[in-house]
Structure formats: C-alpha cells, structure tokens
Amino acid sequence: RLAARSGLSVGRLKISVVTTAKYLIPSLLGEFCQAYPNIEPEFQIGNRAEIIQRLKQNLDDLYVFSNPPRELDITTDFLTKNPLVVIAKQGHPLKDKKSILWEELYGERLLMRENGSGTRYAIEAFFKENRIKMQNPITIASNEAIKESVMAGLGIAIISQHALNHMAPGNLIELPVHGFPIPNSWYWVLPKGKHVSNAAMAFREHVTQGLSHKKPNEHA
Ligand code: PGA
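Residues numbered from 1 in each chain as written. Predicted model: local features only at pLDDT ≥ 70, side-chain atom pairs only at ≥ 80, totals over all residues. Heavy atoms only, no water.

Q: Sorry if this is basic, but what is going on with helix α2 (residues 48-56) here?
A: Residues separated by three or four positions in an α-helix point in the same direction, a consequence of the helix having 3.6 residues per turn. Within α2, burial applies to Arg48, Ile51, Ile52, Arg54 and Leu55. Down the axis, α2 shows its buried residues gathered within 160° of arc, on one side only. Downstream of α2 by a residue or two, Asn58 has a phi angle that is positive, lying close to 55°. (Buried < 20%, exposed > 50% of the residue type's maximum accessible area, 1.4 Å probe, protein only. Helix = DSSP H or I, 4+ residues; strand = E, 2+ residues; numbered from the N terminus. Arc of directions from axis to C-beta.)

Shown next, in the form of structure tokens:
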C-alpha cells in the first residue's frame, strides 16, 4: 500500500528518537525498507538530554521527541499521542477502585526515570502545574527495568502507555488515577531551516500512513 517516491537518493537515513519512540517506529520500518531498498536507516535511541545533544550538533536527518526543547531554534510537527499512565503490579489493593487519588498512593515507592529523561521531565512539570506533592522517587534509568521492578513489587511508576503495552507481560496494570494519564505527544523535530531530505520526508509519510492503519488501541 506504500507508493514509493521516485528519485530518492541512495544512502543512509539517520534518525534519532527518544527511548519511548522505540515502541512506535521500528514496527513501521519493515515495510519502509521494502519500499525503499536503497535507503539504509540508522537509528539512534537515547533519553531526551542525549537526543538534544545530537540535535544541537545537527548529526541526524530527523528527530523524534515527546517534549521538544522549545528553547532551541527548531520546527516541530505533531506525530501522535504519547500519554503517560500510572502502572502497578497486578493485584494492587486499589485495582478495583474507579478513581484513585494520587494522595492514596503516597505510601508507595515511585519509580522514576533518570534526570535527562523526557518522561521524567513531563511528570515533574505535571506535578508542579497541578501542585501535586511527589514522594521521593527511586531512579531507574530504563523503561524496561522500571516495568520489571514494578512487576517485582518494588513500587508504582508513571510511564508511556506505549511502553506499558509493548510486549505487555500481563502482570502489570494501569491504575485509574484521577487526573491521569498525563497528556503528552511525540513530535518530528528539525533544526529550523534544515533541509529535509527526500528520504526523511518519505519516512515521515510512511510512519504517518502506518499509524492511520493501526487500531486506536495500538497507538494510544
Ligand atoms: P525519555 O523519552 O524519557 O527516554 O527521554 C521520552 C520523552 O522524551 O518524553
């Protein structure tokens, strides 16, 4: 269903994405590579601070952020939503409540991504804006390790719904906490004035097209 653009240059397409976007983009890559066999995509995945460094050095053809660094001279285009949800181990005592207040979770340990993570940045901004007090978090620098730790009963966490759904092991649940999910979105980002290569443009179109074919619960 993908109509390949003609006249695309042969070569590498360098894309840098924040860690949560790795649940979204690689799954759309197979068909892209089939349609454009001459293009060799190269992915860099890092936390927000790492991808900002790459952006500042203009190392890539295309970037994906969920909290674009607005202080830099960039252009941003909406990609899709990336809501942040509260997760707990299956069997959590509050699991059957229709709506939980964050205050009811004060006794829990909160597992958070590291400083430099866009997920953490969005959570801290949300808590500040809503004047919610945050319990002292335990820092764990990976979405996967956070999921594992929640499953092991270490505490609760707030992560991208895409990260939760990705290879969902079945023993994690989303808690219906009042005010959540935190609304968040992914954006295509480029330094202002940067020429968008045909390959980068084709890739953007392909991802947009691919998302429109997914069922709504496949991309929250
Ligand atoms: P990160 O990615 O938490 O790994 O930085 C997501 C984001 O930037 O929101």
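Q: Any chance you could explain the side chain of Glu114 here in plain terms?
A: Along the chain, the position of Glu114 falls in the loop between β6 (110-112) and α3 (118-129). Within the structure, Glu114 has its side chain in polar contact with the side chain of Arg113 (distance 2.9 Å). (Polar contact = N/O pair within 3.5 Å; in protein donor to acceptor, adjacent residues only side chain to side chain.)

Q: Just to check I follow, could you spell out the site of the ligand for this structure?
A: Taken together, the neighbourhood of the ligand is formed by Val18, Thr19, Thr20, Asn47, Arg48, Ser66, Asn67, Arg113, Ser117, Gly118 and Thr119. Here an oxygen atom of the ligand and a backbone polar atom of Arg48 are 2.8 Å apart. A distance of 2.7 Å is found between an oxygen atom of the ligand and a side-chain nitrogen or oxygen belonging to Thr119. For the ligand, the protein covers 100% of the area, taking 270 Å² as the surface of the free molecule. Looking at the shell around the ligand, its residues break down into one nonpolar, eight polar and two charged. Taken together, domain 1 (11-81 + 185-218) and domain 2 (84-175) each give at least three residues to the shell around the ligand, which thus spans both. (Near = heavy atom within 4 Å. Areas by Shrake-Rupley, 256 points an atom, 1.4 Å probe, with all protein chains shown as cover. Nonpolar A, V, L, I, M, F, W, Y, C, P; charged D, E, K, R; others polar. Domains from an automatic or database assignment.)

Q: Please explain the sheet that holds strand β2 (residues 39-46) as it appears in this structure.
A: Strand pairing in a sheet takes place through backbone hydrogen bonds and is either antiparallel or parallel in direction. In space, the five strands of this open sheet follow the order β2-β1-β3-β10-β4, with mixed pairing throughout. Since the sheet does not close on itself, it has two edges, and those belong to β2 and β4 (74-81), each with one partner. Taking the axes of each pair of neighbouring strands and ignoring which way they run, one obtains an average angle of 25° across the sheet. Pairing analysis gives seven bridges linking β4 to strand β10 (residues 185-191), with the strands arranged antiparallel. In the strand pairing of β10, Asp77 is matched with Trp188. Where α2 meets the sheet, it contacts β1 (11-18), β2, β3 (62-65), β4 and β10, and its direction lies at approximately 155° from that of β3. (Pairing = 2+ DSSP bridges. Axes fitted to C-alpha atoms, helices over the stretch in contact; angles between N-to-C directions. Contact = heavy atoms within 4.5 Å.)

Q: Whenever I open this one, the domain arrangement of the chain confuses me. Can you help?
A: We note that the domain assignment places domain 1 (11-81 + 185-218) and domain 2 (84-175) within the chain. Distance between the C-alpha centres of domain 1 and domain 2: 26 Å. Buried surface at the junction of domain 1 and domain 2, summed over both partners, amounts to about 1,100 Å²; 49% is from carbon and sulfur atoms. Interface area lost by domain 1 to domain 2 is led by Tyr23, Asn47 and Arg48, which between them contribute 49%. For the pair domain 1 and domain 2, the number of links is one salt bridge. Glu144 is the salt-bridge partner of Lys22, the closest N and O atoms lying 3.4 Å from each other. For the pair domain 1 and domain 2, the number of links is 10 residue pairs in polar contact (both at pLDDT 80 or more). Residue classes in the side of domain 1 that touches domain 2 are distributed as four nonpolar, five polar and four charged. (Buried area = accessible area lost by both parts, 1.4 Å probe. Salt bridge = Lys/Arg side-chain N within 4 Å of Asp/Glu carboxyl O.)

Q: Explanation requested: the packing of aromatic side chains in the structure shown.
A: Aromatic rings considered in pairs are described by the distance between their centres and by the relative angle of their planes. In the structure shown here, the tally under the stated rule is 10 aromatic pairs. Judged by centre distance (5.0 Å) and plane angle (90°), the rings of Phe32 and Phe203 are edge-to-face. Here Phe203 lies in helix α6 (residues 198-213) and Phe32 lies in helix α1 (residues 29-35), a separation of 171 residues in the sequence. When sorted by exposure, Phe32 lands in the same class as Phe203, which is buried. Ring centres of Phe127 and Phe180 lie 6.5 Å apart, and the angle between their planes is 75°; on these two criteria the pair is classed as edge-to-face. A residue pair is termed long-range when its members are at least 10 positions apart, and Phe127 in helix α3 and Phe180 in the loop between β9 (172-175) and β10 qualify at 53 residues. Judged by relative accessible area, Phe180 falls into the buried class, the value being 13%. When the ring centre of Tyr187 is taken as origin, the NZ or CZ atom of Arg70, which lies over that ring, is 5.3 Å away. In this arrangement the basic side chain of Lys133 is found over the ring face of Tyr106, its NZ or CZ atom lying 5.0 Å from the centre. (Phe/Tyr/Trp six-rings, centres within 6.5 Å; stacked < 30°, edge-to-face > 60°. Lys NZ or Arg CZ within 6 Å of the ring centre and 35° of its normal.)

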